[in-house]
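Structure assessment
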Amino acid sequence: MMLLKDILYGVSLSAVSGSTNIMVNEVHFDSRKVEMDDVFVAVRGTITDGHEYISKAVESGAITVVCEEFPELMVNGVTYLKVNNSNSALAIIASNFYETPSKNLKLVGVTGTNGKTTVTTLLYDLFTKAGYKVGLLSTIRVMIHDKEYPATHTTPDVLSINKYLSQMSEEGVEFCFMEVSSHGIHQKRTEGLHFAGAIFTNLSHDHLDYHKTFAEYRDTKKKLFDDLPKSAFCLSNTDDKNGLVMLQNTKSKKLTYALKSYADYRGQILEKQFDGQLLKLDDNEIWTKLIGDFNAYNLLAIYGTACELGLDKMEILRLISELETVDGRFQYFISKDKIKAIVDYAHTPDALKNVLITINALRTGNESVITVVGCGGDRDKSKRPVMGHIASEMSDQAIFTSDNPRSEPPMEIIKEMENGVEPQNTKKILSIEDRGQAIKAACKLAATNDIILVAGKGHETYQETNGVRTDFDDYKELQKALESLNK
């Protein structure tokens, strides 16, 4: 139990009905979870409006309601608090309720279109190998030192974030690395958090179904850096044209990393192979198992961050050389027939292009590249023809298929991908609605030494259709299909 006025510290109230000098139990924004003496925060979501559930929350025992407009019926004995933005209020209340846990550890946020999961996960791995207790909030999983929890969103809801951070604080976690999505920033899920640092990876076409314009998407990302305190650091990729934009208004220590231009942390790719690459990081050569230019950028960001957080440079380089590929991020194996099979989460045009550039740079020219790719339903439709164009232009054979069609008919999504295919590439594409069959077809088409890329779902172990998730794992399906051909 906590005193209501204590958890309201820092919240801007425009009107109050009732007493704030009362004890409250828990805080919820989901009316179904409300019990006696709880606080209910009515949040306007993309699908539902929490204001419609105020009466239900009160019936369930809510003693306090935080909302943007008072309901017509106000129950005696219930405190109603009016705020300008419920999401902002919820963020501050959540932080106060869990006693601002982000102050008790060094929290580093990672944002950008691509690379967030790889950078956060590898930072978690590196700092764990260095002997620290570490936390991770990522798309793939949530880690509190050595305990794993399932992840549901790129950036969890603000109550979950603070609850996890509180658990981390109790367990003596020193560093936490957190993916920060544009949705999370826009919905104020990072407000009330105290960041020790933030990383910008890159920015390309994504989430324009939500943000409407690229400028809005960029400026939403930028807010993470604008809000950093003077004590924090900001590490930005200045090879990306938006890298310097992120640094414009931040009060934090400004730092840069790059492969192609001058930066505080410089890197260079010296040698590329399928089993790894030789990098130069700040004049020190290092062999890494992670391949591709995109991974060179990721490792450079990791190196710079670890340096800023006080680790010894030579120790960082040693640990980077031990890092393994993150699940679903250029994860590959070689079959008995010497077919190279790659699974990657590339679900944006830029990510798909980067993976295919990496593959084409490693091939000898005597083998074919076969790409299996789809686009998710109920998401940004404008990237579908672009993805279709990239896959057909940069592969010898492209197979368009389903990728979490959600509520949309899969073949309609595939047709939109086909619209991006130029006439000279139409002979190179096949369209197979069933993802499992598409993977099997790719394996049948492949000959010795050929390369198969299955893109879009990466680490995901399900296929979502009309609200139902069925088990589906690209990596396992690819292994199974190639093994059955060998038999």
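Residues numbered from 1 in each chain as written. Predicted model: local features only at pLDDT ≥ 70, side-chain atom pairs only at ≥ 80, totals over all residues. Heavy atoms only, no water.

Below, the discussion takes up the overall build of the protein. Secondary structure summary: the protein contains 16 helices and 26 strands in total. At 24 Å, the protein has a C-alpha radius of gyration in line with the 23 Å of a compact globule built from 487 residues. Its C-alpha atoms give the protein principal-axis dimensions of roughly 75 × 50 × 40 Å. In the protein, buried positions account for 57% of the 487 residues. (Helix = DSSP H or I, 4+ residues; strand = E, 2+ residues; numbered from the N terminus. Rg over C-alpha atoms; globule rule 2.2 N^0.38 Å. Buried < 20%, exposed > 50% of the residue type's maximum accessible area, 1.4 Å probe, protein only.)

In this section: the sheet that holds strand 7 (residues 79-83). Pairing in this open sheet of five strands is mixed, and the strands run 2-7-6-5-4 from one edge to the other. Every interior strand has two partners, whereas the edge strands, strand 2 (13-17) and strand 4 (27-28), have only one. Where strand 4 and strand 5 (residues 39-41) come together, two bridges link them in parallel fashion. For Val-27, the partnering residue across the bridge sits in strand 5 and is Val-39. Relative to strand 6 (residues 64-67), helix 3 (residues 86-97) is tilted by about 135°, and along the sheet it contacts strand 4, strand 5, strand 6 and strand 7. (Pairing = 2+ DSSP bridges. Contact = heavy atoms within 4.5 Å. Axes fitted to C-alpha atoms, helices over the stretch in contact; angles between N-to-C directions.)

A separate point is the sheet that holds strand 20 (residues 340-344). Pairing within the open sheet is mixed, and its six strands lie in the order 19-20-24-21-22-23. Only two strands of the sheet have a single neighbouring strand rather than two, namely strand 19 (331-334) and strand 23 (429-431). Neighbour-to-neighbour, the strand axes of the sheet open up by a mean angle of 15°, direction not taken into account. As paired strands, strand 19 and strand 20 are joined by four bridges and run antiparallel to one another. Bridge pairing links Tyr-332 to Ile-342 in strand 20.

To continue, consider the pairing of strand 8 (residues 106-111). Most of strand 8 is tucked away, with five of its six residues classed as buried. Bridge analysis of strand 8 against strand 12 (residues 175-179) gives five bridges, and the strand direction is parallel. Bridge assignment links Val-110 to a residue of strand 12, and that residue is Glu-179. Pairing of strand 8 with strand 13 (residues 195-200), which is carried by five bridges, proceeds in the parallel orientation. Counted as the bridge partner of Leu-107 is Phe-195 from strand 13.

Structurally, the position occupied by Thr-288 is in strand 18 (residues 284-288). Reaching out from Thr-288, the side chain makes a polar contact with the backbone nitrogen of Leu-290 at a distance of 3.1 Å. Residues within four places of Thr-288 in sequence aside, it is in contact with Asp-275, Gly-276, Gln-277, Leu-279, Leu-299 and Ile-320. (Polar contact = N/O pair within 3.5 Å; in protein donor to acceptor, adjacent residues only side chain to side chain.)

Below, the discussion takes up the pattern of salt bridges. The final tally for this structure, using the stated rule, is 25 salt bridges. The salt bridge partner of Arg-32 is Asp-30, with a shortest N-O separation of 3.0 Å. Residues Arg-363 and Glu-367 are paired through a salt bridge, measuring 3.7 Å at the closest nitrogen-oxygen approach. A single salt-bridge network, built from bridges that share partners, covers Arg-44, Asp-49, Glu-68 and Glu-69. (Salt bridge = Lys/Arg side-chain N within 4 Å of Asp/Glu carboxyl O.)

Bringing the side chain of Asp-450 into the picture now. On the secondary structure map, Asp-450 appears in the loop between helix 15 (435-445) and strand 24 (451-455). For Asp-450, which is buried and forms no salt bridge, the nearest opposite charge comes from Arg-363, at a distance of 7.0 Å. In this structure the side chain of Asp-450 is engaged in a polar contact, spanning 2.8 Å, whose partner is the backbone nitrogen of Ser-368. Engagement of the side chain of Asp-450 in a polar contact is seen with the backbone nitrogen of Ala-447, the distance being 2.8 Å. Those residues in contact with Asp-450 that sit more than four places away from it in its chain are Lys-338, Ile-339, Lys-340, Glu-367, Ser-368 and Leu-445. (Lys, Arg positive; Asp, Glu negative; His and termini not counted.)

Taken as a class, soluble globular proteins show a tendency for nonpolar side chains to be buried jointly. In terms of nonpolar packing, the biggest core is built from 41 residues, with Leu-126, Phe-127, Ile-199 and Ile-320 touching the most fellow members. Among the elements that take part in this core, helix 10 (residues 293-308) stands out by supplying nine residues, more than any other. Discounting chain neighbours no more than four positions away, the residues touching Ile-320 are Leu-126, Leu-281, Ile-286, Thr-288, Leu-299 and Tyr-303. (Core = buried A, V, L, I, M, F, W, Y, C linked by side-chain atoms within 4.5 Å.)

Quick look at the packing of aromatic side chains now. Per the counting criterion, the structure on display carries 13 aromatic pairs. Ring plane angle 45° and centroid distance 6.0 Å describe the contact between Phe-127 and Tyr-132, whose orientation is recorded as tilted. For Tyr-132, a relative accessible area of 26% translates into the label partly exposed. Aromatic rings pair up to connect Phe-127, Tyr-132, Phe-175 and Phe-177 into one cluster. Here Lys-340 stacks its cationic end above the ring of Phe-274, 5.2 Å away from the centre of that ring. The ring of Tyr-462 is capped by Lys-457, whose NZ or CZ atom sits 5.0 Å from the centre of that ring. (Phe/Tyr/Trp six-rings, centres within 6.5 Å; stacked < 30°, edge-to-face > 60°. Lys NZ or Arg CZ within 6 Å of the ring centre and 35° of its normal.)

A word on empty space enclosed by the protein. Enumeration according to the criterion identifies one cavity of 30 Å³ or more in this entry. When its volume is computed, the largest cavity comes out at roughly 40 Å³. Secondary-structure elements contributing two or more residues to the lining of the largest cavity are strand 16 (265-273), strand 17 (276-281) and helix 12 (349-362). A per-class count over the lining of the largest cavity returns two nonpolar, five polar and two charged. (1 Å grid on protein atoms, 1.4 Å probe; cavity = no way out; pocket = protein on both sides within 12 Å on 5 of 7 lines; lining within 4 Å. Points joined across faces, edges and corners; volume = space filled by probe spheres on them. Nonpolar A, V, L, I, M, F, W, Y, C, P; charged D, E, K, R; others polar.)

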